[in-house]
Amino acid sequence: MKSWLLMAALLLSQAVLAIPDDNQQPAPDLTTLPLDKGLPVIVRVGVYYQSVTGFDENAGTFNSTVDLRLRWEDPRLHYPAGDTPRGFQEYRGPKADDKLKQIWSPGIAFTNMQDQPSYQVTNVRIFPNGWVELMQRTTAQFSLKVDAGNFPFDRQTLAVEVEIRKETTNEAALIFLQEDLDFSRSAQDIELDGWDTGLVRINRPTRPGWYGESHSALIIGLEVKRQAAQVIASVFIPLIASLLIPLVALWMNGMENGEFKVAAFILANVIVGGLFTVIALNFTINSAYTLIASGDNTVTRLFNLNYVTLGLVLLIVILMYRFNLLKRLFGEYVQEESFLFLLWALPVLAFGTAGAFIAVAAVG
Amino acid sequence: MTGSVETGQLELMKSIIDFNLQGAENKALARAAMIADTPKAKQLFAAQDRAGLLAEYLPVFKAQKEKYGVDQAQFHIPPATSFLRLHSPDKFGDDLTQFRPLVVTVNRDQVAGKGFAIARSGPAIFGVVPMFDANRKHIGSFEIGIAFAAILDNLKAAYGLELAVFIKESPLKEFATGIAPALFSDQNRLGEYIRYHSTNTDLIQSLVTDRDLNATSNSEYVREALGVPYGVVMVPLRNAAGDVLGIIAVAKDFSGSRSAQDRSKVWQILMALFAIVLLVGFVLIVIRGLLLRPLQALTAKFSQLADGDDSLQENPKLDNLCEELDALAQQYDRLRDSKGKP
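Conventions and cut-offs
Within each chain, residue numbers correspond to sequence positions counted from 1 in written order. By the order in which they are written, chains take letters starting at A while ligands take numbers starting at 1. Reporting in this predicted model follows two pLDDT cut-offs: at least 70 for local features of residues, and 80 or more for side-chain atom pairs to be given and counted; totals over whole chains, interfaces and linings ignore these cut-offs and use all residues. The helix count covers DSSP runs of H or I at least four residues long, the strand count covers runs of E at least two residues long, and both are numbered beginning at the N terminus. For the radius of gyration, the atom set is restricted to C-alpha positions; the globular benchmark scales as 2.2 Å times the number of residues to the power 0.38. Field definition: a residue is buried when 20 or more other C-beta atoms are found within 10 Å of its C-beta, exposed when 12 or fewer are, and partly exposed for counts in between, with C-beta atoms placed from the backbone. Working definition of a contact: two residues with C-beta atoms, positioned from the backbone, lying within 7 Å. Domains are outlined according to an automatic or database domain assignment. Three classes are used, and their members are as follows: Ala, Val, Leu, Ile, Met, Phe, Trp, Tyr, Cys and Pro are nonpolar, Asp, Glu, Lys and Arg are charged, and the others, Gly among them, are polar. The quantity known as pLDDT measures the predictor's confidence residue by residue, on a range of 0 to 100. An expected span of 1.5 Å times one less than the residue number is assigned to each helix. Fitting one axis to the seven residues ending at a residue and another to the seven starting there, the bend at that residue is the angle between the two axes. If DSSP finds at least two bridges between two strands, the strands pair. Between N-to-C directions, angles span 0 to 180 degrees; the directions come from axes that are lines fitted to C-alpha atoms, helices contributing only their stretch in contact. An angle below 35 degrees is read as roughly parallel, one above 145 as roughly antiparallel, one from 65 to 115 as roughly perpendicular, and any other as oblique. Whether a crossing is left-handed or right-handed is set by the direction in which the near helix is turned from the far one by less than a right angle, anticlockwise for left-handed and clockwise for right-handed.

Moving on to the overall build of chain B. Helix and strand counts for chain B stand at 10 helices and 11 strands. Relative to the 2.2 N^0.38 estimate, which gives 20 Å for 342 residues, the radius of gyration of chain B is 40 Å and therefore markedly larger than a compact globule would have. Counting only C-alpha atoms and orienting by the principal axes, one finds that chain B spans roughly 140 × 45 × 30 Å. Burial analysis of chain B (342 residues in total) assigns 35% to the buried set. Within chain B, contacts between residues separated by at least 24 positions form 60% of all contacts whose residues are at least 6 apart in sequence.

Encoded structure:
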């Protein structure tokens, strides 16, 4: 009997305890935007390039390990400084992920990351004054738009693009100040084959959202400059040399008593051989550098110059050497003077144009 | 020497700074006027109730500081004695007449003023308004100061400019006794100036030297830093007395315009080369091919004729001659034919 009474009393006490207290305040929802400092919430961003490997310019991708640092203030997270001897509360790995589910954090995404990261770890520090520091190390493949317009004197920007996708610019904004610039750099030992690494630069675009809104974004890019000397030997020397083929066809001929010494069909054969050489070179270079196979760049310009020069010389061979067109129209002296003029003028213009193409790329 | 595009960009940079400094002055003045016009502020200040003013306006100042870059707020008693600094409530009662001419002027003329000044707590953009009690009796002034850091960081975010503010060391040391002593380090010193705030220290260090800051002319130039050309504009900061106490250096990446300029030069040189070669070709072909060479051939024929050469009849006829030379050739033919007759 006693045990029954005891059991009943225990159940009753548990039932009483289970009744909610109307006066008790519900726990504040810390996952909402911190409004105490007004909107937008300022999120400071810095990116440190830990390593960069495997820059594939043809595919427009690079592999990198980057440390993304985000800092923002959430006054709801204030706590007495004496609570933490280290000066901050720290959450690492899975604990950090759990903590981020309990507090507001900017919904930041790497917009140019290909697939899932091969490695990602997060660290969160919360300071007594309410400042939150989120550090995230990510190893992944990132895409970039490679502009080969100034090849081989081009600079590329190996950039990671971060964007707040959840909140609009009126709610949360990404910025970078001097401290963030100091953090945003590359590791001293970064080496990229065929490229010289430079500074880390930050741009601040905005991305369009729904209903005329926009989302804050930052592009944090490591500048790299191509080591042009390596490419000049393998690409430009053959291109300039192939330019000599039609000119040789022009120079091989001579005049004697107003008549050309070499038969036109022999020179036409040289030009046709040159045409096949340029086509083969075009194919070889395009296979090695698919990036420059199309579009407007120094290499395509030089190939076009080769084709134009071949065409011009073929025209000269047919009209002047074969049919003596100038002689028939204006007499033998005009033809002779034209021939002598073309012997130096065409090379000067062809190599002058080639030089201009290269110079434009070098200064661009 | 810079192109017209770059000159335009440098002017635009200067305009952006001027416009934003004026904007900051107006904002400071508007905020100061808003507080100075409240009956509570008038009542408490007229009663010299320092504690009351602090209790009423410290929370307002803190919110303004955190959200909007308001750095300083101060009540003054005429002519220019600090009554209460909301940003530093423990320091009051000091005389500001020596280094705050704007405050002296506002209290003397009882007209609002605005501008740059070096205050006890550091340099800032100020708006100062006179304060009156309920009976319109002048009781002092109130000012709001907006920090340079906020202005410069916002300009960088909005326009992509890199900026730094340099303040003359002697007045900064003398008047701004409340700023951190670490600011006067050798790293921040450029001649007689101290780099007070910068949006990109490394870059500004490469672009601005003490000679640039001390130069009386040429406040705009283009200089290369870290392999990139930058346009730099120096905007002087003057106090109410018109003395230059600081300089804002503004830098913008000019690599786009500079490379466009260089590309344009290369194309122009190429076009000139084409023009020269084609002109030379035209002259050579026309003058030599149509005039000189046929004339040379005719001269040779006349010479042969004069020498009584027997092969005269075998000389081929010259074709495609111009009208004048054709007439000469006809004369030659006549002479040859007449000479060939028995």
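More follows now that the structure is in view.
A few words now on the domain arrangement of chain A. All names here are of chain A. As assigned here, chain A comprises domain 1 (41–226) and domain 2 (230–363). Just the C-alpha atoms count here: the centres of domain 1 and domain 2 sit 51 Å apart. In this complex, domain 1 contributes 11 residues to the contact, which on the side of domain 2 involves 15 residues. Looking at the side of domain 1 that touches domain 2, its residues break down into 5 nonpolar, 4 polar and 2 charged.

All names here are of chain B. Looking at chain B, the pLDDT average stands at 89 and 95% of residues meet or exceed 70. Here helix H10 (residues 323–340) is the element of chain B with the lowest mean pLDDT, 82, and strand S5 (residues 138–146) is the one with the highest, 96. Reported for the predicted complex are a pTM of 0.74 and an ipTM of 0.77.

What follows is about helix H8 (residues 332–363) of chain A. If you check H8 of chain A, its first and last C-alpha atoms are 45 Å apart, about what 32 residues at 1.5 Å a residue would give, namely 46 Å. The largest bend along H8 of chain A measures about 35° and falls at leucine 342 of chain A.

Below, the discussion takes up the interface of chain A and chain B. Across the boundary between the two partners, chain A contributes 25 residues, which contact 28 residues of chain B. For the side of chain A that touches chain B, the elements supplying multiple residues, two or more each, are helix H3 (178–183) and H8 of chain A. A per-element tally of the side of chain A that touches chain B places H8 of chain A first, with 14 residues. Residue composition of the side of chain A that touches chain B, by class: 15 nonpolar, 7 polar and 3 charged.

Attention now goes to the sheet that holds strand S6 (residues 131–143) of chain A. Residues and elements named next belong to chain A. As summarised here, the arrangement of the 6 strands in space is S3-S5-S6-S2-S1-S8, forming an open sheet in which the pairing is mixed. Edge positions in the open sheet fall to strand S3 (89–92) and strand S8 (172–175), since each of these has one partner strand only. Neighbour-to-neighbour, the strand axes of this sheet turn through a mean angle of 25°, independent of strand direction. In this structure, S3 lies alongside strand S5 (residues 113–126), joined through 4 bridges in antiparallel fashion. In the strand pairing of S5, glutamine 89 is matched with isoleucine 126. Packed onto the sheet, helix H2 (residues 94–102) meets S3 and S5 and runs at close to 80° relative to S5.

Residue and element names in this part refer to chain B. At a minimum axis separation of 8 Å, helix H2 (residues 39–46) and helix H3 (residues 50–68) run at an interaxial angle of 155°. Relative to H3, the element H2 is oriented roughly antiparallel. Relative to H3, the crossing made by H2 is left-handed. Contacts from Lys40, Leu44 and Phe45 of H2 reach H3 at Gly52, Leu53 and Glu56. The residue makeup of the contact of H2 with H3, split by class, is 3 nonpolar, 1 polar and 2 charged.

Residues and elements named next belong to chain A. Running from amino to carboxyl end, helix H4 (residues 228–252) crosses helix H5 (residues 264–288) at an angle of 170°, the nearest separation of the two axes being 9 Å. Our classification of the angle between H4 and H5 gives roughly antiparallel. For the pair H4 and H5, the contacting residues are Val235, Pro238, Leu239, Ser242, Ile245, Pro246, Val248, Ala249 and Met252 in the first and Leu267, Val270, Ile271, Gly274, Thr277, Val278, Leu281 and Ile285 in the second. Among the residues forming the contact of H4 with H5, the class breakdown is 14 nonpolar, 3 polar and no charged.

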